[in-house]
Amino acid sequence: MIRASLCPEDNVMPATMTNAALRNIAIIAHVDHGKTTLVDAMFRQSGLLQDHREVDACLMDTLELERERGITIAAKNCSVQWHDVRINIIDTPGHADFGGEVERALSMADGAILLVDASEGPLPQTRFVLQKALDAGLKIIVVINKIDRQDARPDEVLDEIYDLLIDLEASDDQLEFPLLYAVGRDGIAQKKLDEAGQNLHVLLDTIVEEIPGPVHNPQAPFQMLVSDLGYSDYLGRLAIGKIFNGQVRAKDNIVCVGESGAGVALKVSKLQIYDGMHLRETDTVQPGDIAVLAGIEDLKIGDTICHREAPEALPRITVEDPTVSMKFTINNSPFGGKEGKYVQSSRLHERLHKEALINVAIQVENGDDRDSVLVKGRGEFQLAILIETMRREGYEFCVGRPEVIYRHINGQKLEPMERLLIDCEDAFLGVVTEKLSIRKGQMANLVNDGKGRVRVEFSVPARALIGYRDEFLTDTRGTGIMHSLFDGYGPFKGECPGRFTGSIAADRTGLAVAYALFNLEPRGRLFIVPGDPVYEGMVVGEHNRSEDINVNPCKEKKLTNMRAAGKDENVILTPVKPLTLEQAISFIRADELVEVTPLSIRLRKTVLSAQQRHSQRSSRHKKKKAA
């Protein structure tokens, strides 16, 4: 059903019309505030899933990494039918590193549900996604979730939400938001705290009543903004986006207007819309719907698909510039090519350029040599997810240390800054403040909840946080919570210390021996266990002191006639916890690389030969002394 939003005179077409049979809504929330669980409950109670069917939890977490980590990485679409209205739900990531996913997802929405934990309240990354929704002019519905928690404080959280909206300069209409309380795990929503909710019907009714239907111009020709790309083994490239104006049918001849403004003739081979979690083929789509067009090649996110006779482009999706870069290169270690399926530099280039096509927040440039690629993104976590994805696809390569991207304006050097929120026990406040002050951090706010925990806000250079997370967890004995958000560019804060420890590097190729590792344990923390293969230049541990050392982890015990052959063979080593990919990336220095294969994560020196590294250090020392 399409109704006019204006009251036209007789025989006069209205300027705009509203499609009352559709609602396009994005769900935005911080990580682990219950967004995916709430969507699952909406599926069940809308009749999409039958009660007798056994289904997995977190249906919207379709990626393997999303299920493992419990976070949303890629924005996804689905729909539920509520009475006579089809509600298109757009699931957005809650992590600021995936801001490109948020920006393209919100381009398809007409409203948003802001989901906030009743205990934690709005956190920095809630601020990031909400800012994007307010800038897009979306109608906001606030849902305070997890009101059944023992430490729930819904009234205080509501005040914090108002403060956040005012701080983000929300309009008067956006401040007059509908408010609901929910327990997403139990599928319950209610309008008041003292009510006893039974289901999510009040939430679905509020969406239909408060979120406006998509508005379109009935006189305008067909226009669709490409907000996402997909691929099917049977249909080829898929273009996903919102129909802003007009209609399209299967087999229609259309054009795609790219960034240059030139139109490329296309033909739709298949037309689909979302029906629950799946796609359903249809003959035509109505204005405001989110459609999937098949048979369209050579297009990018942000392009406009429109009628051939009236090719008019919509405003392109714009994303913020990347703040972190990382060098990808082939694996040239002695173990290179033994564990990976794709090891060639051409394969690496091809895969990374393909990623840049479907991820608007990623930029790919050629490196200093033909075997390297420079990848720019929003944060080290986003790049770590890309690396882990490629690793599971069978790629083998090396990556360097993340480096922030500086700007120079009017002769002044600027660097990206982060707004850091720390939640820890008050006993650890001193050590946290000391460590962050060394890293050029400045305290902006401090709140003590009176129950033994404090919440502190800092302004810190982004480069100072690389490698700090593990140190923070150690300082707070695993009880601290840390969230950060990009906070623009600020003046360069000067040099700040990085890692205070050195590396323990192997000086030969072989297998690690328990006897050698037992004698190396006093030197520092080891990353390998007996039987692990090593090679010259491979980092096998963290030195207690600041300088690097070369060691022999393959050294065996020499037997003499003074000892029996079996004497002292029972060597007990300290258990070794394998490094995760994120820990490895944050650990390495500028002269080190992470070797990534489908089976292993190793640390290594960029220059493997110990003699060459010694010569380079000597020459640098002579130059400094001469200067």
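Residues numbered from 1 in each chain as written. Predicted model: local features only at pLDDT ≥ 70, side-chain atom pairs only at ≥ 80, totals over all residues. Heavy atoms only, no water.

## Some details on the overall build of the protein chain
No. 1: A count of helical and extended segments in the protein chain gives 14 helices and 38 strands.
No. 2: The contacts in the protein chain between residues at least 6 apart in sequence include a share of 70% that link residues at least 24 apart. (Helix = DSSP H or I, 4+ residues; strand = E, 2+ residues; numbered from the N terminus. Contact = heavy atoms within 4.5 Å.)

## Quick look at the sheet that holds strand 11 (residues 223–232)
No. 1: With respect to topology, 8 strands assemble into an open sheet ordered 15-14-20-11-12-19-16-17, the strand pairing being antiparallel. Two strands in the sheet have a free side with no partner beyond their single neighbour: strand 15 (263–267) and strand 17 (278–281). Direction aside, the axes of adjacent strands within the sheet are offset by 40° on average. (Pairing = 2+ DSSP bridges. Axes fitted to C-alpha atoms, helices over the stretch in contact; angles between N-to-C directions.)

## What about the packing of helix 8 (residues 345–358) against helix 9 (residues 380–392)?
No. 1: As a packed pair, helix 8 and helix 9 sit with axes 12 Å apart at the nearest point and diverge in direction by 130°. The pairing of helix 8 with helix 9 is recorded here as oblique in orientation. You can see that helix 8 and helix 9 cross each other, and the crossing is right-handed. Across the interface between the two elements, Leu348, Arg351, Leu352 and Glu355 from helix 8 touch Leu386, Thr389 and Met390 from helix 9.
No. 2: For the contact of helix 8 with helix 9, the class distribution of residues is 4 nonpolar, 1 polar and 2 charged. (Parallel < 35°, antiparallel > 145°, perpendicular 65-115°, else oblique. Left-handed = near helix turned anticlockwise from the far one by under 90°. Nonpolar A, V, L, I, M, F, W, Y, C, P; charged D, E, K, R; others polar.)

## Focus on the layout of surface pockets
No. 1: Within this model, the largest pocket holds a volume of roughly 1,500 Å³.
No. 2: Tallied by class, the residues present in the lining of the largest pocket amount to 17 nonpolar, 10 polar and 21 charged. (1 Å grid on protein atoms, 1.4 Å probe; cavity = no way out; pocket = protein on both sides within 12 Å on 5 of 7 lines; lining within 4 Å. Points joined across faces, edges and corners; volume = space filled by probe spheres on them.)

## Digging into the nonpolar core
Across soluble globular proteins, nonpolar side chains show a tendency to be buried alongside one another.
No. 1: Core analysis: the largest hydrophobic core is formed by 38 residues, its most contacted members being Ile28, Leu114, Leu130, Ile140, Ile144, Ile161 and Leu165.
No. 2: Among the elements of the structure, strand 3 (22–29), helix 3 (99–106), strand 6 (111–117), helix 4 (124–135), strand 7 (139–145), helix 5 (154–167), strand 12 (236–245) and strand 19 (290–294) are those that each provide at least two residues to this core.
No. 3: What Ile28 contacts, discounting residues up to four positions off in sequence, is Lys35, Thr92, Leu106, Ala112, Ile113, Leu114, Leu115, Val129, Leu130 and Ala133.
No. 4: Counting residues in hydrophobic clusters, the runner-up holds 29 residues, among them Leu352, Met390, Leu579 and Ile585. (Core = buried A, V, L, I, M, F, W, Y, C linked by side-chain atoms within 4.5 Å. Buried < 20%, exposed > 50% of the residue type's maximum accessible area, 1.4 Å probe, protein only.)

## A word on the confidence of the model for the protein chain
No. 1: Scored by pLDDT, the protein chain has a mean of 82; 88% of the residues are at 70 or more.
No. 2: Below a pLDDT of 50 lies the segment residues 1–13, which in the model reaches 25 contacts outside its immediate sequence neighbourhood of four places, other chains included.
No. 3: The model gives residues 50–62 a pLDDT under 50, and that stretch makes 34 contacts with residues more than four places away or in other chains. (pLDDT = per-residue confidence, 0-100.)

## Details of helix 8
No. 1: If you check helix 8, its first and last C-alpha atoms are 21 Å apart, about what 14 residues at 1.5 Å a residue would give, namely 20 Å.
No. 2: Considered for burial, the residues of helix 8 that qualify are Leu348, His349, Arg351, Leu352 and Glu355.
No. 3: Residues of helix 8 that are buried in the fold lie against strand 21 (324–329), strand 22 (363–366), strand 23 (372–377), helix 9 and strand 24 (397–399). (Expected span 1.5 Å × (residues − 1).)

## Looking at the pattern of salt bridges
Side-chain pairing between opposite charges can occur once the charged atoms of the two side chains come close.
No. 1: Tallying each qualifying case throughout the model produces 32 salt bridges.
No. 2: The partner of Glu355 in a salt bridge is Arg351, with the nearest N and O atoms 3.0 Å apart. Here Glu355 and its partner Arg351 are both found in helix 8, 4 residues apart, which amounts to about one turn of the helix.
No. 3: Under the relative-accessibility criterion, Arg351 is labelled buried at 9%. (Salt bridge = Lys/Arg side-chain N within 4 Å of Asp/Glu carboxyl O.)

## So, the pairing of strand 28 (residues 442–448)
No. 1: Bridge count between strand 28 and strand 29 (residues 453–461): 6 bridges; the pairing is antiparallel. When the bridges of strand 29 are listed, Val447 appears paired with Arg455.

## Comments concerning the packing of helix 1 (residues 35–45) against helix 7 (residues 201–210)
No. 1: Closest axis-to-axis distance for the helix 1/helix 7 pair is 10 Å, and the angle between their directions is 90°. As the angle between them shows, helix 1 and helix 7 are arranged roughly perpendicular. Here helix 1 contributes Leu38, Met42 and Gln45 to the contact with helix 7, which in turn contributes His201, Leu203, Leu204 and Ile207.
No. 2: Here the residues of the contact of helix 1 with helix 7 sort into 5 nonpolar, 2 polar and no charged.

## Observations concerning the packing of aromatic side chains
No. 1: Scanning all chains against the criterion turns up 8 aromatic pairs.
No. 2: With 4.8 Å between their ring centres and 40° between their planes, Tyr342 and Tyr395 make a pair best called tilted. Of this pair, Tyr342 sits in the loop between strand 21 and helix 8 while Tyr395 sits in the loop between helix 9 and strand 24, and the two are 53 residues apart along the sequence. Each member of the pair, Tyr342 as well as Tyr395, carries the same accessibility label: buried.
No. 3: Over the face of the ring belonging to Tyr406 we find Lys413, whose NZ or CZ atom lies 4.3 Å from the ring centre.
No. 4: The ring of Phe492 carries Lys413 above its face, with NZ or CZ at 4.3 Å from the centroid. (Phe/Tyr/Trp six-rings, centres within 6.5 Å; stacked < 30°, edge-to-face > 60°. Lys NZ or Arg CZ within 6 Å of the ring centre and 35° of its normal.)

## What to know about helix 5
Helical geometry: 3.6 residues make up each α-helical turn, so side chains three or four residues apart lie on a common side.
No. 1: In a regular helix each residue adds 1.5 Å, so 14 residues correspond to 20 Å; helix 5 covers 20 Å between its end C-alpha atoms and thus fits that length.
No. 2: For helix 5, the complete set of buried residues consists of Pro154, Val157, Leu158, Ile161, Leu164 and Leu165. One face of helix 5 carries all of its buried residues, which in axial projection span an arc of 120°. The exposed set on the far side of helix 5, more than 90 degrees from its buried face, consists of Asp163 and Ile166. (Arc of directions from axis to C-beta.)

## Some details on the environment of Ser345
No. 1: Mapped onto the elements of the fold, Ser345 is located in helix 8.
No. 2: Taking the C-alpha atoms as reference points, Ser345 and Val373, 28 residues apart in sequence, are found 9.0 Å from one another.
No. 3: Beyond its immediate stretch of four places on either side in the chain, Ser345 contacts Ile330, Arg370 and Asp371.
No. 4: Reaching out from Ser345, the side chain makes a polar contact with the side chain of Asp371 at a distance of 3.5 Å. (Polar contact = N/O pair within 3.5 Å; in protein donor to acceptor, adjacent residues only side chain to side chain.)

## Things to note about the side chain of Asp303
No. 1: Relative to the helices and strands, Asp303 resides in the loop between strand 19 and strand 20 (304–307).
No. 2: Using a relative accessible area of 5% as the deciding quantity, one classes Asp303 as buried.
No. 3: A distance of 2.8 Å separates the side chain of Asp303 from the side chain of Arg316, its partner in a polar contact.
No. 4: Beyond its immediate stretch of four places on either side in the chain, Asp303 contacts Met224, Leu225, Val226, Cys256, Val257, Gly258, Glu259 and Arg316.

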